[in-house]
Amino acid sequence: MVDIAHQAAINPASAEDVAPARARVPIAAIDPGQWRALAQRAVEPNGYYLPAWELAVSATARGRTDASALPAFDGSSTRLIGLMPVISLWRAWKIPLPALVSAHPYGTLCSPLIDRDAPLEAAARLLHQAREAGTHALVLNDVALDGAAMKSLNQVLSRDGLKPRVLSSYIRASLDATQDGETLLRDALGTKKFKELRRQRHRLEEHGPVVFEVARSADEIRPALETFLHLEASGWKGKRGTALVQHAGDATFIRRAVPALAETAQCEIVTLRAGTIPVAAGIVLRHQDRAFFFKLGIDERFARYSPGVQLTLDLTCHLCADPAIASADSTASADHPMINPIWRGRFAIGDVLIPLRRHDPVVALIHRALAACYVARNKARRAVHSIRRVSRPAN
């Protein structure tokens, strides 16, 4: 890696400061009113880059604090038309080369906010800001490859004679919420599986009436959040040490973000109860006409009744019945055993390397370094997944 750094004439000791700050600003410096207005006009929804969420992440979330941003303004320099939260390549991968990487917002979607009223101007100005920041490439992680934001960037890149490279990709589950929920579920699951889940639900009712609750207001959502946090920590995530409440910074972030988004009707918590006992709960973000299924927690004492699946069935009908929601992003991993059989829509998610100058040899170095990191990461992930698959319940 030192050889790569020397080839690029970069000093590894100052890699964190590779990109000058003149065009890259602390994310907390972005005017929240301008940010909210841009989010309302965004060409592609991304609930994880809403200001109330990303500012909370950047403030305290473990390993995700102190993000920067590339802001793009219109010709008058008064209207925010693009926003890309970023960190350095050194911070993301410990690679001492001049590139910026999507700041990970705790959810698995990093598509930047681009103004639908001026998508090409916004995309062009974002790329210009990256160049002004002294960087040679952008690495966009977890972007919708065929989404409107990426299409806008691709148009500008093509116009400039530049071509992005997809570093990795996978197919993710989504929900077409314009359909009738009950019909969608029957078609997705098939008669036999649908009847089996109904049988499990009837068995669950032996512990009390099964009720699906939706918390939206600030007064409702705070206790619902604590219920979710308790459920998540009580299961396999707690045993693994990855539950939100187990880390002070993560707990502070989620307790700040969820109520703040609830104030603007952009977050709700869904809970499934058997009598007085909460058996499953999930956090759902909402941005424009899209919902984002952030996390799910279950009471594993009721695992035989598939509480996570039961909650997702009710959530599906809930979203399909909401005229304000046209689709939902599972924000799940590829081939997720719980959500994939239920939400049968699919779209491509990937990591993309965007060169900022034509025939730039530094970009080739960045690509080679990233390729090596991806190989090592994928090997480690396969090893970890093979171990976890044995112990983690599908619901």
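Data block above holds the structure.
What counts, and at which threshold
Residues numbered from 1 in each chain as written. Predicted model: local features only at pLDDT ≥ 70, side-chain atom pairs only at ≥ 80, totals over all residues. Heavy atoms only, no water. Helix = DSSP H or I, 4+ residues; strand = E, 2+ residues; numbered from the N terminus. Rg over C-alpha atoms; globule rule 2.2 N^0.38 Å. Buried < 20%, exposed > 50% of the residue type's maximum accessible area, 1.4 Å probe, protein only. Contact = heavy atoms within 4.5 Å. Lys, Arg positive; Asp, Glu negative; His and termini not counted. Charge placed at Lys NZ, Arg CZ, Asp CG, Glu CD. Phe/Tyr/Trp six-rings, centres within 6.5 Å; stacked < 30°, edge-to-face > 60°. Lys NZ or Arg CZ within 6 Å of the ring centre and 35° of its normal. Expected span 1.5 Å × (residues − 1).

**Student:** Let's hear about the overall build of the protein chain: which residues, and what values?
**Tutor:** If you tally the helices and strands in the protein chain, you get 12 helices and 13 strands. Here the C-alpha radius of gyration of the protein chain, 22 Å, is about what a compact globule of 395 residues would show, namely 21 Å. Taking the principal axes of the C-alpha coordinates as reference, the protein chain spans close to 70 × 45 × 40 Å. The buried share among the 395 residues of the protein chain stands at 53%. Contacts in the protein chain between residues at least 24 apart in sequence constitute 77% of all its contacts with a sequence separation of at least 6. Counting 50 positive and 39 negative side-chain charges, the protein chain places the centres of these two groups 6 Å from one another.

**Student:** Would you mind going over the packing of aromatic side chains in detail, with residue names and values included?
**Tutor:** Using the criterion set out here, one finds 10 aromatic pairs in the structure. Each ring, one from Tyr106 and one from Phe253, has its centre 5.1 Å from the other, and the planes form 20°; the classification is stacked. Placement of the pair is Tyr106 in the loop between strand S4 (99–102) and strand S5 (113–114) and Phe253 in helix H10 (residues 248–262), with a sequence separation of 147 residues. Considered together, Tyr106 and Phe253 belong to a single accessibility category, that of buried residues. Between Phe302 and Tyr305, the aromatic rings sit 6.3 Å apart at their centres with planes inclined by 40°, giving tilted as the arrangement. Overall, the relative accessible area of 6% leaves Phe302 in the buried class. Judged by relative accessible area, which is 4%, Tyr305 ranks as buried. Stacked on the ring of Tyr106, the Lys or Arg Arg64 has its end atom at 4.2 Å from the ring centre.

**Student:** Could you give an account of helix H8 (residues 218–234), naming the residues involved and the relevant values?
**Tutor:** Over its 17 residues, H8 runs 24 Å from end to end, which matches the ideal 24 Å to within 8%, given 1.5 Å per residue. Residues of H8 that are buried: Ile221, Ala224, Leu225, Thr227, Phe228, Leu229, Leu231 and Glu232. In this fold, the buried residues of H8 make contact with strand S8 (210–215), helix H9 (236–240), H10, strand S9 (267–274), strand S10 (277–287) and strand S11 (290–298).

**Student:** So what's going on with unusual backbone geometry? Which residues, and what values?
**Tutor:** In this structure, Asp66 takes a positive phi of about 60° despite not being glycine. Within the secondary structure, Asp66 is located in the loop between helix H3 (51–60) and strand S2 (68–73).

Function cannot be read off these values alone, since they describe shape.
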